[in-house]
Amino acid sequence: MARVFIFLFFLATSLQAQQYSVSGGIVDVDENSLSFVTVLLLKASDSTFVAGTATGPLGRFQIHNTPQGAYILKASIIGFNDFFKPLEVTSDMDLGILTLLETSEGLAPVTIDTQKPTIQREIDRLVFNVENTSLSNGSSMDILKRTPSVIIQQNSITVQNQPATIYINDRKVNISQAEVQSLLEGFDGSNVKSVEVITKPGAQYDADSGIIINIVTSKALTPGYKGSFSADYEQAVFPKYSAGTSHYFKNDKINLFVNYNYSKRKEHKNDLGEITFFEPDNTINSFWETDFVRITRSETHTINSFIDYSLSEKTTLSLSSLVSLNPRTTYSNSEIAEIFNPQMQLDSLFTTASGLELEKNNIAIDLGLNHKFNEKGTMLKFNAHYTNFDNIRLQDVNTNYFLPDQTFLRNNSFLTDAAQDINIYVGQLDFSTQLFKMPFDLGTKVSSINTESGIDFFDNINESLQFNPQLSDHFKYEENVYAGYFSISKNWEKWRIRAGLRGEYTETSGNSITLGQETEKNYMDWFPSANINFIPHQNHTFVLAYNRSIERPNYSLLNPFSYFINENNFTTGDPNLQPAITNRYSLEYVAENKYTFEFYYRTTKGAVDVLSFQNNENRFLRSISTNIEDKQGYGLEFKYYTYIKDWWFFYHYNSLFYEKNSFVAIESDNEFVTISSSGMFTQLLNRFTINKDGTFTGDLTLTHLTSLATGTYIMDDFTLVSAGLRKSFWDNRASLSVTVNDIFDTFNRKLQTDYLNQRNSYFAITESRFLQVGFTYNFGNFRLKDNAKQIRNEERNRID
């Protein structure tokens, strides 16, 4: 037995001794180290995957435990030609310095090499490269849904439990979240180079941006024309349709891009609510159970155009426009409410039928001038922006009250007629250069916003509409912001530092004419930011970051108007809302460029939110726009990605978090209340290349979020499992995709609040489970890369 043990010991030792390491460094033609280069070791016999890694911040790589044999080493990164080197591994090998050549700007070959998605980590962001990958066959929204650490639920796009601001090419997309999603769903994913999740934005970004998702589009390389047509069909409770077309033309002087998208949607939403009303001594007065159903019908036309004209080799003039037309959106609301006494005996009930019609038009124009002074990066950019947004809303509410035996008691009916008009003017100047061999940015920005809103309230008495001046209003709001910033960065062998400072002086005035309320605010705020990156070894990186930002209220939240579910349930704005200040700190550690650990802490004073309170005396539930006294959150994140097989890319994101909201309970004698939750957010993303030429791909995604404090509510857990397949054919001219979302119908969840004399909840049932089929056809010289850009400006984001 001892001999067997000794034999096995020496056999294992011998086998282990035949495992070698392969290392080296990668640079560009200027001998600059290239980090995040994907390095693969392939069998020489059949090119099957053996092992892989990525270069660290110093451009070095090392592949361990390589058996003796013949291999091909492949190094690749977007923007450079793939590098191949045959190897015969018989001992530890240091390949020295390998040089990658930048991709030629000529016309691509007749075939397109479909790559796999890759992930890069930079000093302030995570970069998800998707150009020419299996994901680029869908829409831009499909890419965003599959971007690591991003979660999309209904019209909310969040990162680290915070709403994210969408940028395209470092310019903010400032339309409503719903319109952003509609825009991206009609924007071809082949135009997208990468998605950047910026959790540590610098001073060049607007102070109210917070966490940023920046979508980087491909650059124009060659002259010619290309176009595409796409269509999607979605089946949930009701069917939904969308269709779009994109056209691009380029010659020596002009880049032209036009995109049109049309969508028609019918959506179903069901809320099951419960309210317990209390007496002043906290005994139960009654139980209310509600069943609310809303059917939404909408049609949206979106036109995005861009023209880029080269005045000279160093100067470019650009003009872009975004037109979003929503000629008619209707909400058909119905609700049944049953009222029980403390012994759970039916006491009475009421039914409400409510209709709402919306007409929205959003028109934006952007003018830009870029001048490049030299090849060292000295550049001047000028941008002028204008937006006009108008919104007309007509709502009627009709409620009938009954006894348990259906005996009619009374009726209450009313009608509201509201309108809103917003004009936004923005001018911006940015200058970039080298200062003492350090990148230096300097800029200024001026914005002016004018919004005018009005609501007329009519009581319906005996089929006659009577104007109610007490509930009507006319509201004017003006805001001027004057901003300036600078930032500077410096790289050493093991240290990288970037720091900046932004200052914003704000003037606001609001006037509620009917209520006789005038508010004026003038304030100056400073917003420092800093990132310190320490790299003691190519496999170890530490990042310490700080950022201060501001959250200004959306214009709609400033309007003192009400939207009614029924006369006992409504939402109201507040013209006295204050801006909120957020301070965010983070410490990050990256091991082997694959394993990332990050601890973050965030505190917000006066966070703008919509809180719900029940009035126990008059039996109603109202949601009001308000400032939360204190909002805090901290968490520990873990990120890991790898290629399990050459055809299987895997990404794991996990976050342990704590969230706390502290506010004044206005219906509970103004007591100070804290709602908190601790939990976990998990995301598993799998990408599969099913056939060898990369034209047949699939994905499988699992997302799980435990309970989360949001406003006055605690949201229950949810799990989302989705899968998709995509097949390209006709030499990549066309693609067909099939997606199943929320396969197990586990996304919808309950929200509930229970403190002091407040106890209510609702279970929101949306069309989360659906089947979607998409088709895209490319024509013309479709292999051209385009310069698709879109209007983006921070003030537009606050419209909705």
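Quick caveat, the model's predicted, so the values are computed rather than measured. (Residues numbered from 1 in each chain as written. Predicted model: local features only at pLDDT ≥ 70, side-chain atom pairs only at ≥ 80, totals over all residues. Heavy atoms only, no water.)

Colleague: Sorry if this is basic, but what is going on with the overall build of the protein chain here?
Modeller: Counting secondary structure elements, the protein chain contains 4 helices and 45 strands. Looking at the protein chain residue by residue over its 800 residues, the buried ones come to 53%. Put simply, the protein chain shows about 35,300 Å² of open surface, and 56% of that area lies on carbon and sulfur atoms. (Helix = DSSP H or I, 4+ residues; strand = E, 2+ residues; numbered from the N terminus. Buried < 20%, exposed > 50% of the residue type's maximum accessible area, 1.4 Å probe, protein only. Areas by Shrake-Rupley, 256 points an atom, 1.4 Å probe, with all protein chains shown as cover.)

Colleague: Looking at this structure, how should I read the packing of aromatic side chains?
Modeller: Where two aromatic rings form a pair, the distance of their centres and the angle of their planes describe that pair. The final tally for this structure, using the stated rule, is 37 aromatic pairs. Taken together, a centroid distance of 5.9 Å and an interplanar angle of 70 degrees make the contact between phenylalanine 402 and phenylalanine 408 edge-to-face. Residue phenylalanine 402 is classed as buried on the basis of its relative accessible area, which comes to 16%. Relative to tyrosine 505, the ring of tyrosine 482 has its centre 6.4 Å away and its plane inclined at 25 degrees; by these criteria the two rings are stacked. Here tyrosine 482 is found in strand β27 (residues 473–491), whereas its partner tyrosine 505 is found in strand β28 (residues 495–512), with 23 residues between them in sequence. Of the aromatic side chains, those joined through ring pairs into one cluster are Tyr225, Phe729, Trp730, Tyr777 and Phe779. Residue placement shows lysine 266 over the ring face of phenylalanine 238; its charged tip is 4.2 Å from the ring centre. Looking at arginine 749, its charged tip hangs above the ring of phenylalanine 747, at a distance of 4.5 Å from the centre. (Phe/Tyr/Trp six-rings, centres within 6.5 Å; stacked < 30°, edge-to-face > 60°. Lys NZ or Arg CZ within 6 Å of the ring centre and 35° of its normal.)

Colleague: What's the story with the sheet that holds strand β2 (residues 38–43) in this structure? I'm lost.
Modeller: Neighbouring strands of a sheet are bound in pairs by backbone hydrogen bonds; such pairs are parallel or else antiparallel. Read across the open sheet, the 4 strands follow the order β3-β2-β5-β6; overall the sheet is antiparallel. Lying at the two open borders of the sheet, with one neighbouring strand each, are β3 (49–54) and β6 (83–89). Ignoring which end each strand starts from, the neighbouring axes of this sheet average 20 degrees apart. Here β2 pairs with strand β5 (residues 69–76) via 6 bridges, running antiparallel. Within the sheet, the bridge partner assigned to leucine 40 lies in β5 and is lysine 74. (Pairing = 2+ DSSP bridges. Axes fitted to C-alpha atoms, helices over the stretch in contact; angles between N-to-C directions.)

Colleague: Help me understand the environment of tyrosine 762 in this model?
Modeller: Along the polypeptide, tyrosine 762 turns up in strand β44 (residues 758–765). By relative accessible area, tyrosine 762 is classed as partly exposed at 27%. In this structure, the C-alpha to C-alpha distance between tyrosine 762 and leucine 272, residues 490 residues apart in sequence, is 5.2 Å.

Colleague: Would you explain the nonpolar core in this entry?
Modeller: A general feature of soluble globular proteins is that nonpolar side chains tend to end up buried together. Among the nonpolar cores identified, the biggest contains 35 residues, and Leu144, Val159, Ile213, Tyr651 and Leu705 are the most heavily contacted of them. Counting residues per element, this core draws most heavily on strand β36 (residues 648–665), which supplies 4 residues. Counting residues in hydrophobic clusters, the runner-up holds 20 residues, among them Tyr20, Leu73, Ala75 and Val89. (Core = buried A, V, L, I, M, F, W, Y, C linked by side-chain atoms within 4.5 Å.)

Colleague: Mind showing me how you'd approach the sheet that holds strand β7 (residues 93–99) here?
Modeller: Taken together, 3 strands build an open sheet; the order of strands is β4-β1-β7 and the sheet is mixed. Across the chains shown, the open sheet's two edge strands, defined by having one partner strand only, are β4 (60–67) and β7. For this sheet the average axis-to-axis angle between neighbouring strands, irrespective of direction, equals 20 degrees. With 5 bridges connecting them, strand β1 (residues 19–27) and β7 associate as parallel partners. What sits directly across from serine 23, in β7, is aspartate 94.

Colleague: Please clarify how unusual backbone geometry should be interpreted in this entry.
Modeller: Of note in the backbone geometry, glutamine 406 takes a positive phi value of approximately 75 degrees without being a glycine. On the accessibility criterion, glutamine 406 (52% relative accessible area) is exposed.

Colleague: Explain the pattern of salt bridges here, please?
Modeller: Think of it this way: side chains of opposite charge can pair up when their charged atoms draw near. Per the stated rule, a full pass over the model turns up 17 salt bridges. The partner of lysine 240 in a salt bridge is glutamate 767, with the nearest N and O atoms 2.9 Å apart. In this pair, lysine 240 sits in strand β18 (residues 239–250) while glutamate 767 sits in the loop between β44 and β45 (770–780), placing the two residues 527 residues apart along the sequence. We classify lysine 240 as buried; its relative accessible area is 2%. Through salt bridges with shared partners, a single ionic network connects Arg584, Glu598, Glu637 and Lys639. (Salt bridge = Lys/Arg side-chain N within 4 Å of Asp/Glu carboxyl O.)

Colleague: Any chance you could explain the pairing of strand β19 (residues 254–278) here in plain terms?
Modeller: Where a strand is regular, its side chains alternate between the two sheet faces. Strand direction decides the pairing type here: β18 and β19, joined by 11 bridges, are antiparallel. Looking across to β19, one finds that lysine 240 is bridged to arginine 265. Bridge analysis of β19 against strand β20 (residues 284–310) gives 25 bridges, and the strand direction is antiparallel. Across the sheet, residue aspartate 271 finds its bridge partner in β20, namely phenylalanine 292. Here β19 folds back onto β20 in antiparallel fashion, the turn holding 5 residues, of which asparagine 282 has a positive phi close to 70 degrees. When β19 meets β44, the two strands line up antiparallel, connected through 6 bridges. Pairing of asparagine 270 across the sheet is with isoleucine 765, part of β44.

Colleague: Sorry, what's going on with a negative patch on the surface here?
Modeller: On the surface, a cluster of negative charge is made up of Glu274, Glu289, Asp291 and Glu338. Summarising the element assignment, aspartate 291 is placed in strand β20. (Patch = residues over 30% accessible without salt bridge, like charges linked within 9 Å, V, L, I, M, F, W, Y side chains within 5 Å. Lys, Arg positive; Asp, Glu negative; His and termini not counted. Charge placed at Lys NZ, Arg CZ, Asp CG, Glu CD.)

Colleague: Which parts of the structure should I look at to understand the side chain of glutamate 659?
Modeller: One can find glutamate 659 in strand β36. A distance of 2.8 Å separates polar atoms of two side chains, one belonging to glutamate 659 and the other to arginine 602. (Polar contact = N/O pair within 3.5 Å; in protein donor to acceptor, adjacent residues only side chain to side chain.)

Colleague: I'm lost on the side chain of aspartate 28 in this one. Help?
Modeller: Locating aspartate 28 in the fold gives a position in the loop between β1 and β2. Put simply, aspartate 28 is tucked away with no salt bridge, and the nearest opposite charge, on arginine 496, sits 12 Å away. With near-sequence residues (within four places) excluded, aspartate 28 lies in contact with Leu34, Phe80, Thr99 and Leu100. (Contact = heavy atoms within 4.5 Å.)

Colleague: Looking at this structure, I do not really get the pairing of strand β23 (residues 379–402). What am I missing?
Modeller: Across 24 bridges, the pairing between strand β22 (residues 346–372) and β23 is antiparallel. In the strand pairing of β23, glycine 368 is matched with asparagine 383. Once β22 ends, the chain turns through 6 residues before running back antiparallel as β23, passing glycine 377 with a positive phi of about 100 degrees. Hairpin connection between β23 and strand β24 (residues 408–435): a loop of 5 residues separates the two successive antiparallel strands, and glutamine 406 in this loop has a positive phi of roughly 75 degrees.

Colleague: Hey, could you run me through the confidence of the model for the protein chain in this one?
Modeller: The predicted coordinates should not be examined in detail at positions where pLDDT is low. Summary statistics for the protein chain give a mean pLDDT of 83 and a share of 86% for residues scoring 70 or more. A low-confidence stretch, residues 1–17 stays under pLDDT 50, and its non-local contacts, those more than four residues away or across chains, total 0 contacts. Overall, residues 104–116 carries pLDDT values under 50, and its contacts beyond four positions in sequence, including any with other chains, amount to 31 contacts. (pLDDT = per-residue confidence, 0-100.)

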